[in-house]
Amino acid sequence: MKFEDLLNSSYQRYIAEDFLATQFFNKRIPLVISNVNSDNLAAVKDKLLDCYGDVEVSCVGEEEAVKVSELCVGDNVMTLIVDGCKVTDCKRFDFNDFVQIMKRLRADDGCEWDRAQTHESIRINLIEEAYELVEGIDCKDAEMMKEECGDVLMQAVFHTEIAEKNGEFNYADMLTNLCRKLIDRHTHIFGTNHASNPEEALKFWTEAKKKEKKYKSNADAMDRVPKNLPALLYAEKVQKIAKKAGFDWDNADGAVEKLYEEIGELKTADEAHKVEEAGDLLFAAVNAVRLYGVETEMALHEASHKFLRRFEGVEKLVEATGREMKDFTLEELDKFWDRVKQEERQ
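Here goes a summary of the coordinates provided. (Residues numbered from 1 in each chain as written. Predicted model: local features only at pLDDT ≥ 70, side-chain atom pairs only at ≥ 80, totals over all residues. Heavy atoms only, no water.)

Viewed as axis vectors pointing N to C, helix H13 (residues 252–268) and helix H14 (residues 274–291) meet at an angle of 160 degrees, and their least axial separation amounts to 8 Å. Judged on the interaxial angle alone, H14 and H13 are roughly antiparallel. Judged by the sense of rotation from one axis to the other, the crossing of H13 with H14 is left-handed. Residues Ala252, Ala255, Val256, Lys258, Leu259, Glu262, Ile263, Glu265 and Leu266 of H13 form the contact with H14, whose own contacting residues are Lys274, Glu277, Ala278, Asp280, Leu281, Ala284, Ala285, Asn287, Ala288 and Leu291. Looking at side-chain class alone, the contact of H13 with H14 contains 12 nonpolar, 1 polar and 6 charged residues. (Axes fitted to C-alpha atoms, helices over the stretch in contact; angles between N-to-C directions. Helix = DSSP H or I, 4+ residues; strand = E, 2+ residues; numbered from the N terminus. Parallel < 35°, antiparallel > 145°, perpendicular 65-115°, else oblique. Left-handed = near helix turned anticlockwise from the far one by under 90°. Contact = heavy atoms within 4.5 Å. Nonpolar A, V, L, I, M, F, W, Y, C, P; charged D, E, K, R; others polar.)

Written out as structure tokens, the structure is:
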């Protein structure tokens, strides 16, 4: 490519140092990187590979283009050019590409299904995707986490795209709100407070959040906990606010005693009060488990999965007898259960 062509064309231009410090690029427009030398070439190549993939790159003054991985410089200072490409031809994608794709899907001539969606119609998807991400974390499955992180991000972008079209807010509003919150709540990083451990950092975060949200009282903070959270998680969040207010057991012992008390009340409750006493029992159980430092929602999920796994084992043992489960007494089935449990622990 000739230098005259470079001057007469529309490009996004960076010196190498600025290119290395920039996060996102408009890949629809050709990219020019000047002042590439032996000191920064390796970093420039890594950045290009991460942002664009192993695409062809032209050097000003050179006739032949080469792949990024084949770039070498010697003692010369180079100016590199990466051609623009359609989003469908990208080898690597970034947030800007993602937004472009979502805008295309939601355009007047876009996907009929995507265009028809509202905040309400896709609200449950975020909950489902979040739980799938949690499963990936629990399984320590990096590939699953990579996919599910993307799916969770897609839901946030989908809602922002809908909001922008509705005139509610746009991407800049959403990102400004997020960045402002991160700055304002990390007073020990961007302010004058100092935290020497995670507990102090959380304390400053909580204080900043309370100021930001203008909570009138601890009860007001409780009332603002989302009502559609899973019941265990909702109870745990409410109890944590009570703890911050000083209304909590010193340790788990008192909570366990309360749990036994609630079991007794449920056992003796009449029909009119069974639901109430059952709720009190579950709330007390959350309290006790929380004070043992265990996440109730995850603990119950694990217990449910364990029950399913062991039940399948019992079912296989029953099938091996040629009989059906209903042909056995509970005591006999319990022996099968103990056998599966024992084999599982070996």
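Turning our attention to helix H6 (residues 123–138). Spanning 16 residues, H6 covers 24 Å between terminal C-alpha atoms, matching the ideal 22 Å at 1.5 Å per step. Restricting attention to buried positions, one finds in H6 the residues Glu129, Leu133 and Gly136. Buried residues of H6, viewed axially, fall in a sector of 55 degrees; they line one side. Tucked into the core, H6 has its buried residues touching helix H7 (142–166). Lys140 occupies a position one or two residues after H6 and carries a positive phi of about 55 degrees. (Expected span 1.5 Å × (residues − 1). Buried < 20%, exposed > 50% of the residue type's maximum accessible area, 1.4 Å probe, protein only. Arc of directions from axis to C-beta.)

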